[in-house]
Structures are given as C-alpha cells and as structure tokens.
Amino acid sequence: MQLSIIGIDLGKTSCSLVGVDTAGKVLVRRRMRRDTVVAFCSRYPGSIVAMEACCGAHHIGRALAAKGHEIRLMSPEYVRPYVKAQKNDDRDAEAIAEAAGRPTMRFVTMKSEEQLDMQTLHRVRDRLVGDRTSLMNQIRSLLLERGHIVAQGRARLTVALAELLDGKERVLAARIHELIVDMRRQWVALDERIKAFDAEFTAAAKAQDGAKRLLSIPGIGALNATALVAAVGDASTFARGRDLAAWLGLVPRQVTTGGRPKLLGITKRGSKYLRKMLIQGARSALPTLKAGDTPVGAWLRGLLSRAHLNAAVVALAAKMARTVWALLRHGDVYKAAPVAA
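Description of the structure in this document.

Rules behind the numbers
Residues numbered from 1 in each chain as written. Predicted model: local features only at pLDDT ≥ 70, side-chain atom pairs only at ≥ 80, totals over all residues. Heavy atoms only, no water. Helix = DSSP H or I, 4+ residues; strand = E, 2+ residues; numbered from the N terminus. Rg over C-alpha atoms; globule rule 2.2 N^0.38 Å. Buried < 20%, exposed > 50% of the residue type's maximum accessible area, 1.4 Å probe, protein only. Contact = heavy atoms within 4.5 Å. Areas by Shrake-Rupley, 256 points an atom, 1.4 Å probe, with all protein chains shown as cover. Expected span 1.5 Å × (residues − 1). Pairing = 2+ DSSP bridges. Axes fitted to C-alpha atoms, helices over the stretch in contact; angles between N-to-C directions. Right-handed = clockwise from strand over helix to strand, strands pointing away. Left-handed = near helix turned anticlockwise from the far one by under 90°. Nonpolar A, V, L, I, M, F, W, Y, C, P; charged D, E, K, R; others polar. Phe/Tyr/Trp six-rings, centres within 6.5 Å; stacked < 30°, edge-to-face > 60°. Lys NZ or Arg CZ within 6 Å of the ring centre and 35° of its normal. Core = buried A, V, L, I, M, F, W, Y, C linked by side-chain atoms within 4.5 Å. Polar contact = N/O pair within 3.5 Å; in protein donor to acceptor, adjacent residues only side chain to side chain. Salt bridge = Lys/Arg side-chain N within 4 Å of Asp/Glu carboxyl O.

### With respect to the overall build of the protein chain
Moving on, step 1. A count of helical and extended segments in the protein chain gives 13 helices and 7 strands.
Moving on, step 2. For the protein chain, whose C-alpha radius of gyration is 25 Å, the value lies well above the compact-globule estimate of 20 Å for 341 residues.
Moving on, step 3. In terms of overall dimensions, the protein chain has C-alpha extents of about 85 × 65 × 45 Å along its principal axes.
Moving on, step 4. Put simply, the protein chain has 341 residues, and 40% of those count as buried.
Moving on, step 5. Look at the contacts in the protein chain between residues 6 or more apart in sequence, and 54% of them connect residues 24 or more apart.
Moving on, step 6. Total accessible area on the protein chain stands at roughly 19,200 Å², and carbon and sulfur atoms take up 53% of it.

Right, dumping it as structure tokens:
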C-alpha cells in the first residue's frame with residue numbers, strides 16, 4: 001500500500017494520522033503516541049507528510065525529512081475550512097491531508113534547530129521584559145496607595161525609589177519599606193538578565209552574515225536583526241518584499257467587492273513580536289530619516305504632511321520589511337542614496 005499524503009494532527013502526547021492515496025481516498029486512520037509517529041511513517045517512504053505549523057512540528061518534520069519524506073507545514077487557519085462535519089482529531093488529520101494536496105496552498109518553511117534556538121531566546125527575553133514592566137507597575141501602584149505619585153518611565157521610578165528608600169528618614173512603614181526594597185532588588189536582577197540577553201544578541205548579530213547586513217538598515221538593531229533572520233530564514237520563499245510585509249501583518253486589510261477596492265487598517269497577521277519590534281525600530285529611526293536628504297526622507301516628509309504620525313511609523317516599518325527582504329535575498333548592504341537634483 002502506497003500513501004501519497006499523510007496528514008498528522010499533532011497533540012502533546014497522542015497524535016491522529018490519516019493516509020490518503022493520489023485520488024484522495026482515505027486508506028489509513030491511526031491514533032498513536034507522539035514518539036511512534038516517525039517509526040510509523042518510515043513504513044511509507046517517499047510520502048508527503050503534512051502537519052500544522054505548531055509546537056513540535058519542526059522537530060518531527062526534520063526527523064521525517066531525514067527519512068526521505070517531503071514535509072509540508074501549514075498555518076492552522078488555512079486548514080480550518082477543510083474540516084467537515086464535527087470537529088475531532090481524526091477530522092483534523094483528514095483536513096490536513098486534504099489541504100496539503102491543494103495546488104494553491106501556502107506552506108510554512110521548516111526551520112532549522114538554530115533558528116528555533118534563536119526564537120526561543122527572544123521569547124524568554126520578551127517574557128523577562130514583561131515581568132519587569134509588571135513589577136515596575138506594581139511598585140508604582142503600591143507607592144500611589146501611600147500618597148507617592150511617580151510618573152511613568154524607568155528613570156523616574158529609579159529616582160523616586162532612591163529618594164524614598166535611601167534617605168536618612170524612614171518615609172514608608174517598616175514592612176512596606178522592606179517589601180519595596182526587595183522588589184527593587186528583583187528589578188535589578190531582571191535588568192541584569194535582560195542585559196545578558198542583549199549582549200548575546202549583539203554578538204550573534206555580528207557573527208551572522210545575514211544579521212550583519214540587516215544592521216545597516218536605520219532602525220534595525222541586534223534584536224530586530226537576529227529575530228528577523230531566525231523567523232524568515234531563506235528570503236527566497238517570498239517572491240517579493242511586499243509578501244514579507246504582508247506576512248508580518250504590515251499591509252492594509254482589503255475589503256473589495258464589485259471591483260471597488262477598499263483599504264482599511266493593517267492586517268496584524270503573523271508574528272506580533274516581529275511586528276512590534278519593527279514598529280518600535282521605525283519609530284526610533286523616523287526623526288533622523290525624515291530630516292535626511294534622501295528619497296526616504298522626502299517620502300516621509302510628504303507622508304507626514306497628509307497622514308498621522310502613527311500611520312507614517314507603520315508605513316516606514318513596512319518599507320523596512322521590504323528592505324530586509326531585499327538584503328537577505330540579494331546579499332546587499334543598505335545604502336541611502338541622496339535625492340537627485
């Protein structure tokens with residue numbers, strides 16, 4: 001028995017598997033433990049193995065690719081329309097197999113272990129930044145309950161804590177004073193851990209050829225460069241720069257009917273983290289770029305004259321995404337050309 005496509009619905013401990021022939025007829029239905037999937041698929045060499053791009057899919061995909069299978073990973077939102085009748089694991093696996101055979105389906109490029117490692121470091125750092133922000137907000141709220149108003153910002157909170165905790169006279173109650181001191185100690189520890197991650201990203205950006213090229217783009221630092229290289233991988237998977245911007249959710253959402261196009265806000269699809277980092281980088285680079293005698297500066301000045309600042313920041317982030325695609329695809333370095341006379 002030869003299976004053309006094997007659809008696998010991955011679970012934490014158990015998986016549902018459906019095998020179909022070239023005509024799409026279901027020949028095999030199985031439920032098995034996750035650690036037996038590779039051994040089972042090895043019985044049908046040369047098959048197409050389809051999965052949703054979820055946690056653990058890249059690891060199993062690399063193991064199956066080493067056995068000679070063709071791996072097709074898909075976004076879950078593209079699989080959902082193919083689920084028929086009641087939703088269960090077997091129906092999901094059948095839908096995955098059916099969606100993988102569609103000629104217009106879009107597939108996710110399988111990531112290497114190094115790419116996943118870099119993405120993991122970014123996720124851990126982002127969690128630490130969130131923990132630090134939560135801790136700072138809690139400190140500010142505790143001080144507010146006791147009549148001490150502190151404006152937003154790390155620097156202002158640092159100065160306020162120094163005045164309240166390091167003075168000769170005790171301002172707060174003894175127990176609350178000790179609590180705030182302990183919370184400030186936690187804040188300092190989080191700062192040190194985040195700085196260690198930043199130093200690691202800086203060293204990685206200087207060592208990677210692709211990330212080093214991205215550092216030449218205004219608004220792209222070590223964090224953005226390493227995150228983009230880890231997420232994008234081979235830029236040739238995108239036909240053009242706008243496709244990368246659309247993958248990041250930075251292009252307008254379309255509601256077109258009757259041949260009349262209508263553009264709304266950005267789609268916000270794809271990775272929220274990458275989109276956030278690009279928009280933050282664009283916001284920091286915009287004051288310098290709009291003052292420059294370059295085509296980008298002239299474009300920004302014209303855009304700011306007719307659009308809101310936030311809209312211009314997002315448009316600049318989309319342009320940065322296109323530039324990222326061009327540098328990764330062609331191996332160039334960003335060079336800002338002066339405006340022609």
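### Re helix 7 (residues 174–207)
Moving on, step 1. The terminal C-alpha atoms of helix 7 lie 50 Å apart, and with 34 residues this matches the ideal 50 Å at 1.5 Å per residue to within 8%.
Moving on, step 2. What helix 7 keeps buried is the set Ile-176, His-177, Ile-180, Met-183, Trp-187, Leu-190, Asp-191, Ile-194, Phe-197, Phe-201, Ala-204 and Ala-205.

### Examining the sheet that holds strand 2 (residues 14–20)
Moving on, step 1. In space, the 5 strands of this open sheet follow the order 3-2-1-4-5, with mixed pairing throughout. In this open sheet, the two strands that pair with only one neighbour each are strand 3 (26–33) and strand 5 (70–74). Taking the axes of each pair of neighbouring strands and ignoring which way they run, one obtains an average angle of 20° across the sheet.
Moving on, step 2. Sheet topology note: the strand 2/strand 3 ladder contains 7 bridges and is antiparallel. Bridge assignment links Val-20 to a residue of strand 3, and that residue is Val-26.
Moving on, step 3. Set on the sheet, helix 4 (residues 89–100) makes contact with strand 1 (5–9), strand 2, strand 3, strand 4 (48–52) and strand 5; between it and strand 1 the angle comes to about 140°.

### What to know about helix 5 (residues 113–145)
Moving on, step 1. Under the 1.5 Å per step criterion, the end-to-end length of helix 5 is 48 Å for 33 residues, consistent within 8% with the ideal 48 Å.
Moving on, step 2. Where helix 5 is buried, its residues meet helix 6 (154–165), helix 7, helix 9 (222–232) and helix 11 (272–290).
Moving on, step 3. Two residues or fewer past helix 5, Gly-147 is found with a positive phi of approximately 85°.

### Some thoughts on the pairing of strand 5
Moving on, step 1. Burial runs high along strand 5: 4 of the 5 residues are buried.
Moving on, step 2. Where strand 4 lies against strand 5, 5 bridges are found, and the strand directions are parallel. Each residue of the ladder has a partner; that of Met-51, found in strand 5, is Leu-73.
Moving on, step 3. Handedness of the crossover is the feature at issue here: the chain leaves strand 4, passes through helix 2 (residues 57–65), returns alongside strand 5, and the resulting connection is right-handed.

### A short note on the packing of helix 9 against helix 11
Moving on, step 1. Closest axis-to-axis distance for the helix 9/helix 11 pair is 10 Å, and the angle between their directions is 145°. Seen along the crossing, helix 9 lies across helix 11 with a hand that is left-handed. Touching Leu-223, Asn-224, Ala-227, Leu-228 and Ala-231 of helix 9 are Tyr-273, Leu-274, Met-277, Leu-278 and Gly-281, all from helix 11.
Moving on, step 2. In terms of residue class, the contact of helix 9 with helix 11 is made up of 8 nonpolar, 2 polar and no charged.

### As for the packing of aromatic side chains
One pair of aromatic rings is described through two measures. These are the centre distance and the angle between the planes.
Moving on, step 1. Considering all chains together, one arrives at 3 aromatic pairs under this definition.
Moving on, step 2. Ring geometry for Phe-238 versus Trp-247: centroids 5.4 Å apart, planes at 55°, classification tilted.
Moving on, step 3. Exposure remark for Phe-238: the relative accessible area of 12% places this residue in the buried category.
Moving on, step 4. In this arrangement the basic side chain of Lys-319 is found over the ring face of Trp-299, its NZ or CZ atom lying 4.4 Å from the centre.

### Focus: the environment of Asp-90
Moving on, step 1. Its place among the elements puts Asp-90 in helix 4.
Moving on, step 2. When the C-alpha atoms of Asp-90 and Ser-16 are compared, they prove to be 5.7 Å apart, with 74 residues separating the residues in sequence.
Moving on, step 3. If we ignore the near neighbours within four places in the chain, the residues touching Asp-90 are Ser-16, Val-18, Arg-29 and Arg-31.

### A word on the nonpolar core
Moving on, step 1. Core analysis: the biggest nonpolar cluster contains 67 residues, and Leu-214, Leu-250 and Leu-278 have the highest contact counts within it.
Moving on, step 2. Residues contacting Leu-278, with those up to four places away along its chain left out, are Ile-220, Asn-224, Leu-228, Leu-248, Leu-250, Ala-317, Met-320 and Ala-321.
Moving on, step 3. One finds Cys-15, Leu-17, Val-28 and Leu-64 within the second-largest nonpolar core, a separate group that totals 19 residues.

### Focus on unusual backbone geometry
Moving on, step 1. Look at Ala-85: it is not a glycine, yet its phi comes out positive at around 55°.
Moving on, step 2. Inspection of the secondary structure assignment puts Ala-85 in the loop between helix 3 (76–79) and helix 4.

### Brief notes about the side chain of Asp-191
Moving on, step 1. Among the structural elements, Asp-191 can be located in helix 7.
Moving on, step 2. Judged by relative accessible area, which is 15%, Asp-191 ranks as buried.
Moving on, step 3. At 2.7 Å, the side chain of Asp-191 forms a polar contact with the side chain of Arg-132.
Moving on, step 4. Excluding residues within four positions of it along the chain, Asp-191 makes contact with Arg-132 and Arg-154.

### Things to note about the pattern of salt bridges
Moving on, step 1. Per the counting criterion, the structure on display carries 18 salt bridges.
Moving on, step 2. Among the ionic pairs, Arg-269 bridges to Glu-77, the shortest N-O distance being 2.9 Å. Taken together, the residues span a long stretch of sequence, with Arg-269 in the loop between strand 7 (263–266) and helix 11 and Glu-77 in helix 3 at a distance of 192 residues.
Moving on, step 3. Classification of Arg-269 as partly exposed rests on a relative accessible area of 37%.
Moving on, step 4. Residue Asp-191 is joined to Arg-154 by a salt bridge in which the shortest nitrogen-to-oxygen separation is 3.5 Å. Placement of the pair is Asp-191 in helix 7 and Arg-154 in helix 6, with a sequence separation of 37 residues.
Moving on, step 5. One salt-bridge network, in which partners are shared between bridges, spans Arg-29, Lys-84, Arg-91, Glu-94 and Glu-98.

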